[in-house]
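Given next are the chains, with one letter for each unit.
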Amino acid sequence: MGRPKNPTRRDELLEKCCDHLLEHGVSGVSLRPLAAEVGASPRTLLYHFGSREELIAEALRRCRARYLAVADALVRDATPVGGDIAGVLATLWTHSATPAARPFLLLFLDAYTCALRSSDGEGEILTELFGRWHDRITGELTAVGADPGPAASVASLAIAVHRGLLIEWLATGDSARLDAARAAALDMLGALASRALARGGPGA
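It should be emphasised that the depicted structure is a prediction, and the values quoted were computed from it without experimental measurement.

How each quantity is defined
Residues numbered from 1 in each chain as written. Predicted model: local features only at pLDDT ≥ 70, side-chain atom pairs only at ≥ 80, totals over all residues. Heavy atoms only, no water. 1 Å grid on protein atoms, 1.4 Å probe; cavity = no way out; pocket = protein on both sides within 12 Å on 5 of 7 lines; lining within 4 Å. Points joined across faces, edges and corners; volume = space filled by probe spheres on them. Helix = DSSP H or I, 4+ residues; strand = E, 2+ residues; numbered from the N terminus. Nonpolar A, V, L, I, M, F, W, Y, C, P; charged D, E, K, R; others polar. Core = buried A, V, L, I, M, F, W, Y, C linked by side-chain atoms within 4.5 Å. Buried < 20%, exposed > 50% of the residue type's maximum accessible area, 1.4 Å probe, protein only. Salt bridge = Lys/Arg side-chain N within 4 Å of Asp/Glu carboxyl O. Contact = heavy atoms within 4.5 Å. pLDDT = per-residue confidence, 0-100. Disulfide = S-S within 2.5 Å. Axes fitted to C-alpha atoms, helices over the stretch in contact; angles between N-to-C directions. Parallel < 35°, antiparallel > 145°, perpendicular 65-115°, else oblique.

Under the counting rule described, the total for this entry stands at two cavities of 30 Å³ or more. Of the voids in this model, the largest cavity is the one considered here, and its volume is about 60 Å³. Every element with two or more residues in the lining of the largest cavity is listed here: α5 (85-96), α9 (148-172) and α10 (175-200). Tallied by class, the residues present in the lining of the largest cavity amount to eight nonpolar, one polar and one charged.

For aspartate 147, the position within the fold is in the loop between α8 (132-143) and α9. In the structure, aspartate 147 is positioned 51 residues away from alanine 198 in sequence and 9.2 Å away in space, judged by C-alpha atoms.

A separate point is the nonpolar core. Core analysis: the largest hydrophobic core is formed by 52 residues, its most contacted members being Leu45 and Leu107. Top element by residues in this core is α9. It accounts for nine residues.

With that out of the way, let us pick up the pattern of salt bridges. Scanning the entire structure with this criterion turns up ten salt bridges. Ionic pairing is found between glutamate 15 and arginine 62, a salt bridge with its closest N-O pair at 2.5 Å. With a gap of 47 residues between them, glutamate 15 in helix α1 (residues 7-24) and arginine 62 in helix α4 (residues 52-77) connect regions that are remote in the sequence. Members of the salt-bridge network, linked through shared partners, are Asp11, Glu15, Asp19, Arg62 and Arg66.

For glutamate 23, the location among the structural elements is in helix α1. Given the relative accessible area of 61%, glutamate 23 is considered exposed. A C-alpha to C-alpha distance of 8.3 Å links glutamate 23 and leucine 107, two positions 84 residues apart in sequence.

On to the side chain of histidine 48. Within the element layout of this structure, histidine 48 appears in helix α3 (residues 42-49). By relative accessible area, histidine 48 is classed as buried at 6%. When neighbours within four sequence positions are excluded, histidine 48 is seen to be in contact with Lys5, Asn6, Arg9, Arg10 and Leu13.

Let us now look at the confidence of the model for the chain. With 81% of its residues at a pLDDT of at least 70, the chain reaches an overall mean of 81. Mean pLDDT across the secondary structure elements of the chain bottoms out at helix α7 (residues 123-130), with 65, and peaks at α3, with 94.

Here a disulfide denotes a covalent bond joining the sulfur atom of one cysteine to the sulfur atom of another. With the rule as written, the count across this model stands at one disulfide. The disulfide partner of cysteine 18 is cysteine 63, and the gap between their sulfur atoms is 2.4 Å. Of this pair, cysteine 18 sits in helix α1 while cysteine 63 sits in helix α4, and the two are 45 residues apart along the sequence. Of the two residues, cysteine 18 and cysteine 63, both sit in the buried class. Of all cysteine sulfurs, the one in cysteine 18 lies closest to cysteine 17, which takes part in no disulfide; the gap is 8.8 Å.

Considering the arrangement of structural elements, one finds glycine 190 in helix α10. Sequence spacing of glycine 190 and alanine 86 is 104 residues, and the spatial spacing of their C-alpha atoms is 5.4 Å.

Bringing the packing of helix α2 (residues 31-38) against α3 into the picture now. It is at 8 Å that the axes of α2 and α3 come closest, and there the two elements cross at 95°. Compared by their axis directions, α2 and α3 come out roughly perpendicular. Facing Leu31, Arg32, Leu34, Ala35 and Val38 of α2, the residues of α3 in contact are Pro42, Leu45 and Leu46. Considered class by class, the residues forming the contact of α2 with α3 number seven nonpolar, no polar and one charged.

What follows is the structure, encoded as structure tokens:
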């Protein structure tokens, strides 16, 4: 019978792996250099996580949890009233387009690209990393009366616009131009959300 795994040691390694990914990204990560970086042997990492792929997936989840710990708090403070999805997206933009969030955004974009190129069925981690906001916005709209179909369409457009603006911000850093574009997009999304609510209202 093997010795039991030490959850404290596993958590320490996971935190260090998360730090490594935030600094270096996912592309080209191999087990031996990663183990040296976090002060462990490749065998130790495999003992705690099973495989390189599972280690990276767990580290991405931990990075996502760090990022969302702040984002979720902001969203709770900006809970939509009557489908005010634009207000929530404005809050998320304020949190996301910052120097502190930049390493997380770069990592998530890197993970997204790597998973899309992979043939190893990594779609599950994509859903974990990127699917929750679509479901959240759709749920908020349907909760205040929108039909599911239009609500899902508004949510898809909202997330696509938000991510596209963030990628442009990462590439250019032109905050003034993108703040203006964001304001115009939020006006459009607010109008679409109102229309979705009208369709789902009494007598629609």
